[in-house]
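Here are the chains, one letter per residue:
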Amino acid sequence: MLKDITLGQYYRAESVIHRLDPRLKLVGSLVFMVSLFLFNNPICYLTAAVFLVIVIALSKIPVKFMLRGMKGIVFLLLITVLYHVLFTTGTVIVEFWIIHITYEGILNALMMFARLFMLIVGSSILTLTTTPTKLTDGLESLFKPLKIFRVPVHEMAMMMSIALRFIPILMEETDRIMKAQIARGADLGSKNIFVRVKGLVPILVPLFVSAFRRAGDLALAMEARCYNGGEGRTKMKVMHLRLRDFISMYILALYLGAIIVLGIFFKGLPAIVCEDMQCGLEFLIAFFKGLKG
Amino acid sequence: MELKTENLTYEYESNSATPTRAVDGVSFVIPGGEFLGIVGHTGSGKTTLVQLLDGLLKPSAGTVYLDGEDINAKNYSRKKMRAGIGIVFQYPEYQLFESTILKDVCFGPKNQGLKDEEAEKVAVEALKRVGIKEEQFELSPFELSGGQRRRVAIAGVLAMQPKILILDEPTAGLDPAGREEMLSLMDELNRDGMTIILISHSMEDVAAHASRIMVLDKGKVFLDGAPAEVFAHVEELENIGLAAPEAYYILEEIRKAGLEIETENTVTVEDAVSKIKKSLC
Ligand SMILES: Nc1ncnc2c1ncn2[C@@H]1O[C@H](COP(=O)(O)OP(=O)(O)OP(=O)(O)O)[C@@H](O)[C@H]1O
Ligand SMILES: [Mg+2]
């Protein structure tokens, strides 16, 4: 019943990107996101897109699988595009009632679309190619310096990995409880919202009870094996940076450098593109008028 | 009520690359009033099979008939089916949710459309039947011991007055006295005309109580028949990771030690005792 929901959308494959150190991937994703926000310039977006396509190709994730996760944000993308098309001031193309569509608006909308789209695809590569365990290990290691400020980094990472570990177990439990209550005649598919909310009680109560019971059992089991926090605790899998990680680091630095140089160098590009669009459109209109006449 | 399956098949993750076929082309008839024991190794598909019988899973192929009607047909009334078949899951004590035992047992009957007083009446009856005392009715389910909680959960299903009762390992984790009580409750219900389908890992339990035993292996029916018939296939059972009841092995040992004794058809401890007595006189 609940088996169709997949959480932590890891895609198993053998690729360079999968093998990279999780810390590097975390930093890499951050760098990529920042690079998208540094400049609002078509050429920067183009560079980012090329970079992204190469990474996706290297990661061996089917494009279909990547795009499946985008369904949820189509609406958000649409609203952003509409907002920019309708509310950007500049040289007007079409105007009626309170709506002005401008060249700047269209360009902005396109660039915003590219930015958001790449932002989401870029960050999904991280979770698609890194197992949740590696991800938490990476986060713990990256945030270690915060221990100076008494941030309980290890405890937080431990909490995260336990939570991730328990998601499938709780899903299974929910499935079982649901079946048991359906067998007792519970009506879970009712159209009436009140009946439906009431129908959740027989499922949520046993689920919480069992979650607390499991939490208690786990705490006991950890204590029985002398777990007492992160102090002096060694890792089973120690992370080492390898040659591929250093190479990726250089590539990443090169990419960021390229974005900055291009961004500064082609500062005036958006305005030029707008002018070109205007010229192009006027040319087309004149052309069609000429055809008619 | 007669329960019948035809070529029943179920696959988990059927649209993935590697579907697990948990139930594979199973056909059988369970006439009303039978006490059927289902045994099988871990993962042989017992739980999946009974969930199919209760319509909680939709078969990938094949049909389940209740009194000749397909329970997965579009116009078949689910309510009618639920009134016919009750199912007690593995560790049912974890499905309790109400503030008092009585209220929890009333949940099923109320879903069937009974009025409060009527529901309470059947609930009280069911609770007494499983051996819960009247002074405990207003307790919270969480104040009870595990064994008592399980009885309350079983009462919750009994209160719906099913004609067929399916129990998935109801004795797991109970002490010997609790097991015996649970099994004699099933005998009693069966005597009153209820069909009992009991899943168990214990050969001794099914041997002593069931009138028919079905052995599952890898989703298929491996053996099906009266206890004596099924347990005559000791070697086959051992090959699929099961065993005959202990009593049989004890008699075998005695025979090997040199006593003239007949070991065939040893199903229950009583069988063994009478055979030992016979060979000693
Ligand atoms: N939710 C599920 N998703 C995928 N596969 C499952 C699921 N539930 C069961 N299976 C698989 O189906 C097969 C049969 O499982 P089932 O639970 O019916 O066995 P069982 O005979 O009840 O075992 P046990 O004696 O351990 O309770 C097993 O191979 C199991 O791995
Ligand atoms: Mg089972």
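If you're wondering where the values come from, they're calculated on a predicted model, not measured in any experiment. (Residues numbered from 1 in each chain as written. Chains lettered and ligands numbered in written order. Predicted model: local features only at pLDDT ≥ 70, side-chain atom pairs only at ≥ 80, totals over all residues. Heavy atoms only, no water.)

Enquirer: Give a detailed account of the overall build of chain A, specifying residues and quantitative values.
Expert: Assigned secondary structure in chain A consists of 11 helices and 2 strands. Secondary structure elements of chain A, listed N to C terminal, follow the sequence α-α-α-α-α-β-β-α-α-α-α-α-α. Over its C-alpha atoms chain A spans a radius of gyration of 26 Å, topping by over 25% the 19 Å that the globule rule assigns to 293 residues. Overall, chain A is about 85 × 60 × 40 Å in size when its C-alpha atoms are taken along their principal axes. Out of the 293 residues in chain A, the part that is buried amounts to 31%. For chain A, restricting intrachain contacts to residue pairs at least 6 apart in sequence, the fraction spanning at least 24 positions comes to 77%. (Helix = DSSP H or I, 4+ residues; strand = E, 2+ residues; numbered from the N terminus. Rg over C-alpha atoms; globule rule 2.2 N^0.38 Å. Buried < 20%, exposed > 50% of the residue type's maximum accessible area, 1.4 Å probe, protein only. Contact = heavy atoms within 4.5 Å.)

Enquirer: Which residues make up the overall build of chain B, and what values go with them?
Expert: Within chain B, the secondary structure is distributed over 11 helices and 10 strands. At 20 Å, chain B has a C-alpha radius of gyration in line with the 19 Å of a compact globule built from 281 residues. Dimensions of chain B along its principal axes, counting C-alpha atoms only, are 65 × 50 × 35 Å. Within the span of chain B, comprising 281 residues, buried residues form 52% of the whole. A separation threshold of at least 6 residues defines the contact pool for chain B, and within that pool the share at least 24 residues apart is 62%. By element, 49% of the accessible surface of chain B is carried by carbon and sulfur atoms, the whole surface being about 13,000 Å². (Areas by Shrake-Rupley, 256 points an atom, 1.4 Å probe, with all protein chains shown as cover.)

Enquirer: Please give an account of the interface of chain A and chain B that cites residues and values.
Expert: Across the boundary between the two partners, chain A contributes 18 residues, which contact 21 residues of chain B. The contact between chain A and chain B buries some 1,800 Å² in all, and 62% of this surface belongs to carbon and sulfur atoms. Inspection of the chain A/chain B interface yields 1 salt bridge. Its salt-bridge partner being B:D104, residue A:R184 comes within 3.0 Å of it at the nearest N-O pair. Put simply, chain A and chain B have 5 residue pairs in polar contact (both at pLDDT 80 or more) between them. Per-element accounting of the side of chain A that touches chain B gives the leading share, 7 residues, to helix α8 (residues 153-183) of chain A. (Buried area = accessible area lost by both parts, 1.4 Å probe. Salt bridge = Lys/Arg side-chain N within 4 Å of Asp/Glu carboxyl O. Polar contact = N/O pair within 3.5 Å; in protein donor to acceptor, adjacent residues only side chain to side chain.)

Enquirer: How would you summarise the sheet that holds strand β4 (residues 61-66) of chain B if you had to cite specific residues and measurements?
Expert: Spatial ordering of the open sheet is given by β2-β1-β4-β5 (chain B), a layout of 4 strands whose pairing is antiparallel. A single partner strand is all that each edge strand has here, and the edge strands are β2 (20-30) and β5 (69-70) of chain B. (Pairing = 2+ DSSP bridges.)

Enquirer: Describe the confidence of the model for chain A, naming the residues involved and giving the relevant values.
Expert: Residues and elements named next belong to chain A. Taken as a whole, chain A shows an average pLDDT of 85; of its residues, 97% reach a score of 70 or greater. The lowest-confidence element of chain A is strand β1 (residues 92-96), averaging 74 in pLDDT; the highest-confidence one is helix α2 (residues 22-38), averaging 93. Predicted confidence for residues 1-7 stays below pLDDT 50, and this span has 13 contacts to residues more than four positions away or in other chains. (pLDDT = per-residue confidence, 0-100.)

Enquirer: Explain the nonpolar core to me, using residue names and the numbers behind them.
Expert: Most often, soluble globular proteins have nonpolar side chains that are buried together. Judged by nonpolar contacts, the single largest core of 51 residues is most densely connected at B:L127, B:L165, B:I196, B:V215 and B:F231. The element contributing the most residues to this core is helix α5 (residues 146-158) of chain B, with 6 residues. For B:I196, the contacting residues outside a window of four places in its chain are B:E34, B:F35, B:L36, B:L165, B:L167, B:M186, B:L189 and B:N190. If you look at the next biggest cluster of nonpolar residues, it comprises 32 residues, including A:I182, B:L52, B:L57 and B:M81. (Core = buried A, V, L, I, M, F, W, Y, C linked by side-chain atoms within 4.5 Å.)

Enquirer: Please give an account of the site of ligand 1 that cites residues and values.
Expert: Residues and elements named next belong to chain B. The immediate surroundings of ligand 1 are formed by 15 residues, with G43, G45, K46, T47 and T48 found nearest. Here S44 contributes a backbone N or O atom positioned 3.3 Å from an oxygen atom of ligand 1. Contributing elements (two or more residues each) for the shell around ligand 1: β2 and α1 (46-53). A per-element tally of the shell around ligand 1 places α1 first, with 3 residues. (Near = heavy atom within 4 Å.)

Enquirer: Mind laying out the packing of aromatic side chains, listing which residues take part and the relevant values?
Expert: All names here are of chain A. Using the criterion set out here, one finds 12 aromatic pairs over all chains in the structure. Between F265 and F266 the ring centres are 5.4 Å apart and the planes differ by 80°, which places this aromatic pair in the edge-to-face class. Among the residues examined, F266 registers a relative accessible area of 30% and is labelled partly exposed. A network of ring pairs unites the aromatic residues F32, F51 and Y255 as a single cluster. (Phe/Tyr/Trp six-rings, centres within 6.5 Å; stacked < 30°, edge-to-face > 60°.)

Enquirer: So what's going on with the pattern of salt bridges? Residues and values would help.
Expert: Enumeration over the complete set of coordinates arrives at 22 salt bridges over all chains. Between A:R23 and A:D21 there is a salt bridge, with its nearest N and O atoms 3.0 Å apart. One salt bridge connects B:D54 with B:R82, and the closest N-O pair in it is separated by 3.5 Å. Highlighted residues: B:D54 in the loop between α1 and β4 and B:R82 in helix α2 (residues 78-84), separated in sequence by 28 residues. Judged on exposure class, the residue B:D54 and its partner B:R82 are both buried. If you follow the salt bridges from partner to partner, you end up with B:E11, B:R21, B:D24 and B:K220 in one network.

Enquirer: I'd like a description of a nonpolar patch on the surface, backed by residues and values.
Expert: Residues and elements named next belong to chain A. Together, I93, V94, F96, W97, I98, L281, F283, L284, I285, F287, F288 and L291 line one region of the surface with nonpolar side chains, adding up to about 1,300 Å² of accessible area. Elements with a contribution of two residues or more to the nonpolar patch: β1 and α11 (269-292). Counting residues per element, the nonpolar patch draws most heavily on α11, at 7 residues. Position of L284 relative to the elements: it lies in helix α11. With a relative accessible area of 42%, L284 lands in the partly exposed category. (Patch = residues over 30% accessible without salt bridge, like charges linked within 9 Å, V, L, I, M, F, W, Y side chains within 5 Å.)

Enquirer: With reference to specific residues and values, describe the environment of A:S190.
Expert: Residues and elements named next belong to chain A. Here S190 shows up in the loop between α8 and α9 (193-224). Given the relative accessible area of 13%, S190 is considered buried. Ignoring any residue separated from it by four or fewer positions in sequence, one finds S190 in contact with V195 and R196.

Enquirer: Provide a residue-level description of helix α10 (residues 246-256) of chain B, including the pertinent values.
Expert: Residues and elements named next belong to chain B. Within α10, burial applies to A247, Y248, L251 and E252. In a view along the axis of α10, the buried residues occupy a sector of 140°, so they form one face of it. In α10, the exposed positions that point more than 90 degrees away from the buried face belong to E246, E253 and K256. Each element contacted by the buried residues of α10 is listed here: α9 (234-239) and α11 (269-280). After α10 finishes, the residue G258 shows a positive phi value of roughly 115°. (Arc of directions from axis to C-beta.)

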